[in-house]
Amino acid sequence: MPLIELQHITKTFEVGEGEFKALDDVSLSIEPGEFVAIMGPSGSGKSTLMNIIGLLDRATSGTYVLEGKPVSLKMSDREQARLRSEFIGFIFQNFNLLPNADVISNVALPGMYLPAPRRSSEHPSYDRKGRAKELLEKVGLGHRLRYRPSKLSGGEKQRVAIARALTNNPKVVLADEPTGNLDSKSGEEVIKILADLNRQGTTLLMVTHSEELASAANRIIRLKDGRIV
Ligand code: ADP
Ligand code: MG
(Lines give C-alpha, C1' and ligand atoms only; values in the text may rest on other atoms or scores of the structure.)
(Ligands and ions follow the chains in the order given, each with its own letter.)
Protein backbone atom coordinates (compact mmCIF):
# COMPACT_ATOMS: atom_id res chain seq x y z
CA MET A 1 0.00 0.00 0.00
CA PRO A 2 1.44 3.42 -0.92
CA LEU A 3 2.01 5.77 2.02
CA ILE A 4 0.94 8.76 -0.06
CA GLU A 5 -1.22 8.74 -3.13
CA LEU A 6 -2.32 11.83 -5.05
CA GLN A 7 -4.79 11.50 -7.90
CA HIS A 8 -5.54 14.38 -10.25
CA ILE A 9 -4.66 17.05 -7.69
CA THR A 10 -5.14 20.67 -8.72
CA LYS A 11 -4.50 23.82 -6.73
CA THR A 12 -5.90 27.14 -7.86
CA PHE A 13 -5.05 30.47 -6.26
CA GLU A 14 -7.30 33.49 -6.72
CA VAL A 15 -5.26 36.38 -8.04
CA GLY A 16 -6.99 39.70 -8.56
CA GLU A 17 -9.95 39.07 -10.83
CA GLY A 18 -8.66 35.76 -12.11
CA GLU A 19 -7.26 32.43 -11.05
CA PHE A 20 -3.83 30.85 -11.23
CA LYS A 21 -3.40 27.09 -11.44
CA ALA A 22 -0.30 26.28 -9.37
CA LEU A 23 -0.86 22.50 -9.63
CA ASP A 24 -2.52 21.01 -12.67
CA ASP A 25 -3.61 17.37 -12.56
CA VAL A 26 -0.79 15.99 -10.42
CA SER A 27 -0.89 12.26 -9.70
CA LEU A 28 1.85 10.45 -7.81
CA SER A 29 2.41 7.66 -5.39
CA ILE A 30 5.05 7.34 -2.65
CA GLU A 31 5.82 3.97 -1.10
CA PRO A 32 6.88 3.63 2.55
CA GLY A 33 10.64 3.96 2.91
CA GLU A 34 11.22 5.89 -0.32
CA PHE A 35 13.47 8.93 -0.59
CA VAL A 36 12.06 11.12 -3.35
CA ALA A 37 13.54 14.38 -4.61
CA ILE A 38 11.26 17.01 -6.14
CA MET A 39 12.86 19.32 -8.66
CA GLY A 40 11.73 22.02 -11.05
CA PRO A 41 12.21 25.69 -11.84
CA SER A 42 11.20 28.39 -9.38
CA GLY A 43 7.41 28.86 -9.51
CA SER A 44 6.73 25.36 -10.85
CA GLY A 45 4.60 24.39 -7.83
CA LYS A 46 7.07 22.47 -5.67
CA SER A 47 6.21 24.23 -2.39
CA THR A 48 2.51 24.15 -3.20
CA LEU A 49 2.78 20.38 -3.64
CA MET A 50 4.76 19.94 -0.41
CA ASN A 51 2.28 22.08 1.53
CA ILE A 52 -0.63 19.98 0.30
CA ILE A 53 1.11 16.67 1.07
CA GLY A 54 2.20 18.14 4.44
CA LEU A 55 -1.38 19.17 5.31
CA LEU A 56 -0.38 22.82 5.60
CA ASP A 57 -2.70 23.65 2.69
CA ARG A 58 -5.58 21.99 0.85
CA ALA A 59 -5.93 21.00 -2.78
CA THR A 60 -8.71 22.62 -4.82
CA SER A 61 -9.71 19.28 -6.34
CA GLY A 62 -8.49 15.72 -6.66
CA THR A 63 -7.89 12.90 -4.20
CA TYR A 64 -5.28 12.61 -1.46
CA VAL A 65 -4.96 9.21 0.18
CA LEU A 66 -2.69 8.97 3.23
CA GLU A 67 -1.84 5.45 4.40
CA GLY A 68 -4.95 4.06 2.72
CA LYS A 69 -7.32 6.69 4.10
CA PRO A 70 -8.77 9.45 1.91
CA VAL A 71 -7.95 12.90 3.29
CA SER A 72 -10.99 15.16 3.04
CA LEU A 73 -10.26 18.44 1.27
CA LYS A 74 -13.03 19.93 3.41
CA MET A 75 -11.83 18.94 6.88
CA SER A 76 -11.55 21.59 9.58
CA ASP A 77 -8.24 23.28 10.38
CA ARG A 78 -8.25 21.48 13.72
CA GLU A 79 -8.71 18.08 12.14
CA GLN A 80 -6.01 18.88 9.61
CA ALA A 81 -3.61 19.92 12.38
CA ARG A 82 -4.28 16.71 14.28
CA LEU A 83 -3.57 14.58 11.19
CA ARG A 84 -0.46 16.65 10.50
CA SER A 85 0.95 16.17 14.02
CA GLU A 86 0.38 12.43 13.72
CA PHE A 87 1.81 11.81 10.24
CA ILE A 88 4.05 14.64 9.09
CA GLY A 89 7.40 16.17 9.97
CA PHE A 90 8.15 19.37 8.04
CA ILE A 91 11.53 21.04 7.44
CA PHE A 92 11.56 24.54 5.94
CA GLN A 93 14.23 26.44 4.04
CA ASN A 94 14.22 29.21 6.66
CA PHE A 95 14.17 26.82 9.68
CA ASN A 96 11.04 28.38 11.30
CA LEU A 97 12.38 28.01 14.85
CA LEU A 98 10.84 29.98 17.71
CA PRO A 99 13.43 32.69 18.45
CA ASN A 100 12.55 33.12 22.13
CA ALA A 101 12.61 29.46 23.08
CA ASP A 102 15.77 27.45 23.64
CA VAL A 103 16.74 24.57 21.39
CA ILE A 104 15.30 21.79 23.56
CA SER A 105 11.94 23.61 23.90
CA ASN A 106 11.77 24.13 20.14
CA VAL A 107 12.20 20.40 19.61
CA ALA A 108 9.83 19.36 22.41
CA LEU A 109 7.01 21.62 21.24
CA PRO A 110 5.28 19.34 18.68
CA GLY A 111 4.88 16.67 21.39
CA MET A 112 2.23 18.90 22.97
CA TYR A 113 -0.05 18.41 19.99
CA LEU A 114 -0.05 14.62 20.01
CA PRO A 115 -3.35 12.99 20.86
CA ALA A 116 -3.19 11.84 24.50
CA PRO A 117 -3.66 8.09 23.81
CA ARG A 118 -0.58 8.04 21.61
CA ARG A 119 1.44 10.01 24.14
CA SER A 120 0.67 7.56 26.89
CA SER A 121 0.78 4.22 25.07
CA GLU A 122 4.14 4.78 23.44
CA HIS A 123 5.76 6.55 26.39
CA PRO A 124 4.09 5.52 29.64
CA SER A 125 5.28 8.64 31.41
CA TYR A 126 5.72 10.63 28.25
CA ASP A 127 8.73 12.83 28.66
CA ARG A 128 8.78 15.47 25.93
CA LYS A 129 12.08 17.01 27.01
CA GLY A 130 13.72 13.60 27.32
CA ARG A 131 12.63 12.72 23.80
CA ALA A 132 13.84 16.11 22.52
CA LYS A 133 17.24 15.62 24.16
CA GLU A 134 17.58 12.17 22.58
CA LEU A 135 16.81 13.57 19.12
CA LEU A 136 19.18 16.50 19.56
CA GLU A 137 21.95 14.11 20.52
CA LYS A 138 21.17 12.11 17.39
CA VAL A 139 21.74 15.19 15.18
CA GLY A 140 24.94 16.07 17.06
CA LEU A 141 23.54 18.94 19.15
CA GLY A 142 23.50 17.43 22.61
CA HIS A 143 25.82 20.27 23.71
CA ARG A 144 23.44 23.04 22.54
CA LEU A 145 20.25 22.21 24.45
CA ARG A 146 19.92 25.56 26.24
CA TYR A 147 21.02 27.80 23.37
CA ARG A 148 18.66 30.22 21.66
CA PRO A 149 18.39 29.68 17.89
CA SER A 150 20.05 33.06 17.21
CA LYS A 151 23.28 31.72 18.75
CA LEU A 152 23.48 28.84 16.27
CA SER A 153 24.94 28.57 12.78
CA GLY A 154 22.59 27.92 9.83
CA GLY A 155 23.58 24.25 9.70
CA GLU A 156 22.92 23.86 13.43
CA LYS A 157 19.52 25.58 13.10
CA GLN A 158 18.52 23.17 10.38
CA ARG A 159 19.65 20.22 12.52
CA VAL A 160 17.38 21.53 15.31
CA ALA A 161 14.58 21.68 12.75
CA ILE A 162 15.26 18.08 11.74
CA ALA A 163 15.09 16.97 15.39
CA ARG A 164 11.81 18.89 15.77
CA ALA A 165 10.41 17.23 12.63
CA LEU A 166 11.11 13.81 14.20
CA THR A 167 9.57 14.52 17.61
CA ASN A 168 6.24 12.85 16.90
CA ASN A 169 7.68 9.89 14.99
CA PRO A 170 6.16 11.00 11.69
CA LYS A 171 5.35 8.58 8.87
CA VAL A 172 6.93 10.99 6.39
CA VAL A 173 9.40 13.86 6.58
CA LEU A 174 8.98 16.67 4.06
CA ALA A 175 11.89 19.02 3.46
CA ASP A 176 11.35 22.07 1.24
CA GLU A 177 14.79 23.23 0.05
CA PRO A 178 16.39 22.31 3.39
CA THR A 179 19.83 23.41 2.21
CA GLY A 180 18.66 26.57 0.39
CA ASN A 181 20.01 28.90 3.11
CA LEU A 182 23.14 26.92 3.94
CA ASP A 183 26.73 26.98 2.75
CA SER A 184 27.71 23.86 0.84
CA LYS A 185 29.47 22.16 3.75
CA SER A 186 26.52 22.56 6.17
CA GLY A 187 24.22 21.58 3.31
CA GLU A 188 26.06 18.33 2.83
CA GLU A 189 25.86 17.59 6.58
CA VAL A 190 22.11 18.15 6.54
CA ILE A 191 21.67 15.87 3.52
CA LYS A 192 23.77 13.22 5.21
CA ILE A 193 21.50 13.30 8.27
CA LEU A 194 18.40 13.11 6.07
CA ALA A 195 19.82 10.23 4.03
CA ASP A 196 20.72 8.37 7.26
CA LEU A 197 17.16 8.84 8.51
CA ASN A 198 15.87 7.38 5.27
CA ARG A 199 18.21 4.40 5.61
CA GLN A 200 16.72 3.82 9.06
CA GLY A 201 13.26 3.67 7.46
CA THR A 202 11.84 7.21 7.40
CA THR A 203 10.02 8.08 4.18
CA LEU A 204 11.49 11.30 2.84
CA LEU A 205 10.40 13.89 0.28
CA MET A 206 12.83 16.69 -0.44
CA VAL A 207 12.68 19.70 -2.73
CA THR A 208 16.06 20.76 -4.04
CA HIS A 209 17.58 22.75 -6.88
CA SER A 210 20.77 20.72 -6.76
CA GLU A 211 21.10 17.72 -9.09
CA GLU A 212 23.97 16.59 -6.89
CA LEU A 213 21.87 16.59 -3.70
CA ALA A 214 18.95 15.03 -5.57
CA SER A 215 21.20 12.13 -6.53
CA ALA A 216 21.02 10.99 -2.87
CA ALA A 217 17.34 10.14 -3.51
CA ASN A 218 15.96 6.90 -4.99
CA ARG A 219 13.74 8.77 -7.40
CA ILE A 220 13.30 12.28 -8.81
CA ILE A 221 9.93 13.86 -9.61
CA ARG A 222 10.19 16.89 -11.89
CA LEU A 223 7.60 19.64 -12.02
CA LYS A 224 7.07 22.30 -14.65
CA ASP A 225 4.21 24.79 -14.72
CA GLY A 226 2.34 22.79 -12.06
CA ARG A 227 2.56 19.49 -13.93
CA ILE A 228 4.78 16.43 -13.53
CA VAL A 229 7.10 16.10 -16.51
P1 ADP B 1 8.07 26.72 -6.22
O2 ADP B 1 8.12 26.24 -4.81
O3 ADP B 1 8.24 25.63 -7.24
O4 ADP B 1 9.03 27.84 -6.48
P5 ADP B 1 5.39 27.57 -5.51
O6 ADP B 1 4.65 26.31 -5.27
O7 ADP B 1 5.81 28.38 -4.35
O8 ADP B 1 6.61 27.31 -6.51
O9 ADP B 1 4.48 28.52 -6.41
C10 ADP B 1 3.91 28.07 -7.64
C11 ADP B 1 3.15 29.21 -8.26
O12 ADP B 1 1.98 29.49 -7.49
C13 ADP B 1 3.93 30.51 -8.36
O14 ADP B 1 3.62 31.13 -9.57
C15 ADP B 1 3.42 31.31 -7.19
O16 ADP B 1 3.50 32.68 -7.45
C17 ADP B 1 1.98 30.84 -7.07
N18 ADP B 1 1.50 30.92 -5.70
C19 ADP B 1 1.98 30.23 -4.65
N20 ADP B 1 1.30 30.54 -3.51
C21 ADP B 1 0.37 31.46 -3.87
C22 ADP B 1 -0.65 32.18 -3.17
N23 ADP B 1 -0.86 32.00 -1.85
N24 ADP B 1 -1.41 33.05 -3.87
C25 ADP B 1 -1.23 33.23 -5.20
N26 ADP B 1 -0.30 32.58 -5.93
C27 ADP B 1 0.49 31.72 -5.28
MG1 MG C 1 9.31 26.74 -3.18
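So, a few notes on the structure that sits alongside this text. (Residues numbered from 1 in each chain as written. Chains lettered and ligands numbered in written order. Predicted model: local features only at pLDDT ≥ 70, side-chain atom pairs only at ≥ 80, totals over all residues. Heavy atoms only, no water.)

### Quick notes on the overall build of the protein
Then comes step 1: The helix and strand tally for the protein stands at eight helices and ten strands.
Then comes step 2: Taking 2.2 N^0.38 as the reference for a compact globule, 229 residues should give roughly 17 Å; the C-alpha atoms of the protein span a radius of gyration of 17 Å, in line with that estimate.
Then comes step 3: Principal axes of the C-alpha set define a box for the protein whose edges measure 50 × 40 × 40 Å.
Then comes step 4: The 229 residues of the protein split such that 49% are buried.
Then comes step 5: In the protein, once contacts between residues fewer than 6 apart in sequence are set aside, the share between residues at least 24 apart is 73%.
Then comes step 6: Within the structure as shown, the protein displays about 11,200 Å² of accessible surface, and the carbon and sulfur contribution to it stands at 49%.
Then comes step 7: On the protein, the mean spot of the 31 positive side-chain charges and the mean spot of the 28 negative ones are 6 Å from each other. (Helix = DSSP H or I, 4+ residues; strand = E, 2+ residues; numbered from the N terminus. Rg over C-alpha atoms; globule rule 2.2 N^0.38 Å. Buried < 20%, exposed > 50% of the residue type's maximum accessible area, 1.4 Å probe, protein only. Contact = heavy atoms within 4.5 Å. Areas by Shrake-Rupley, 256 points an atom, 1.4 Å probe, with all protein chains shown as cover. Lys, Arg positive; Asp, Glu negative; His and termini not counted. Charge placed at Lys NZ, Arg CZ, Asp CG, Glu CD.)

### A word on a nonpolar patch on the surface
Then comes step 1: On the surface, Phe13, Val15 and Phe20 cluster together into a nonpolar patch covering about 270 Å² of accessible area.
Then comes step 2: Mapped onto the elements of the fold, Val15 is located in strand 1 (residues 4–15).
Then comes step 3: Note on Val15: relative accessible area 47%, which makes it partly exposed. (Patch = residues over 30% accessible without salt bridge, like charges linked within 9 Å, V, L, I, M, F, W, Y side chains within 5 Å. Salt bridge = Lys/Arg side-chain N within 4 Å of Asp/Glu carboxyl O.)

### What to know about the site of ligand 1
Then comes step 1: Ligand 1 sits among Phe13, Val15, Phe20, Ala22, Pro41, Ser42, Gly43, Ser44, Gly45, Lys46, Ser47 and Thr48.
Then comes step 2: Between ligand 1 and Ser44, the relevant distance is 3.2 Å, taken from an oxygen atom to a main-chain nitrogen or oxygen of the residue.
Then comes step 3: Gly45 is positioned with one of its backbone polar atoms (N or O) 3.1 Å from an oxygen atom of ligand 1.
Then comes step 4: Here ligand 1 loses 62% of its free accessible area of 560 Å² to cover by the protein chains. (Near = heavy atom within 4 Å. Polar contact = N/O pair within 3.5 Å; in protein donor to acceptor, adjacent residues only side chain to side chain.)

### Details of the sheet that holds strand 5 (residues 69–70)
Then comes step 1: Read across the sheet, four strands follow the order 2-1-4-5 without closing on themselves; strand pairing throughout is antiparallel. Strand pairing shows two members of the sheet lacking a second neighbour, strand 2 (18–30) and strand 5, which therefore form its edges.
Then comes step 2: Relative to strand 1, helix 1 (residues 46–53) is tilted by about 120°, and along the sheet it contacts strand 1, strand 2 and strand 4 (61–66). (Pairing = 2+ DSSP bridges. Axes fitted to C-alpha atoms, helices over the stretch in contact; angles between N-to-C directions.)

### Observations regarding the sheet that holds strand 7 (residues 172–176)
Then comes step 1: Read across the sheet, six strands follow the order 6-7-8-3-9-10 without closing on themselves; strand pairing throughout is mixed. Looking along the sheet, the strands with just one partner apiece sit at the ends: strand 6 (88–91) and strand 10 (227–228).
Then comes step 2: Strand direction decides the pairing type here: strand 3 (residues 35–39) and strand 9 (residues 219–224), joined by four bridges, are parallel. By the bridge assignment for strand 9, Ala37 is matched with Ile220.

### So, the pairing of strand 3
A regular strand carries its side chains on alternate faces of the sheet.
Then comes step 1: The buried fraction of strand 3 is high, at five of five residues.
Then comes step 2: Of the two faces of strand 3, the one lined by Phe35, Ala37 and Met39 and the one lined by Val36 and Ile38 are each fully buried.
Then comes step 3: Pairing analysis gives four bridges linking strand 3 to strand 8 (residues 203–207), with the strands arranged parallel. The residue of strand 8 that forms the bridge with Ile38 is Val207.

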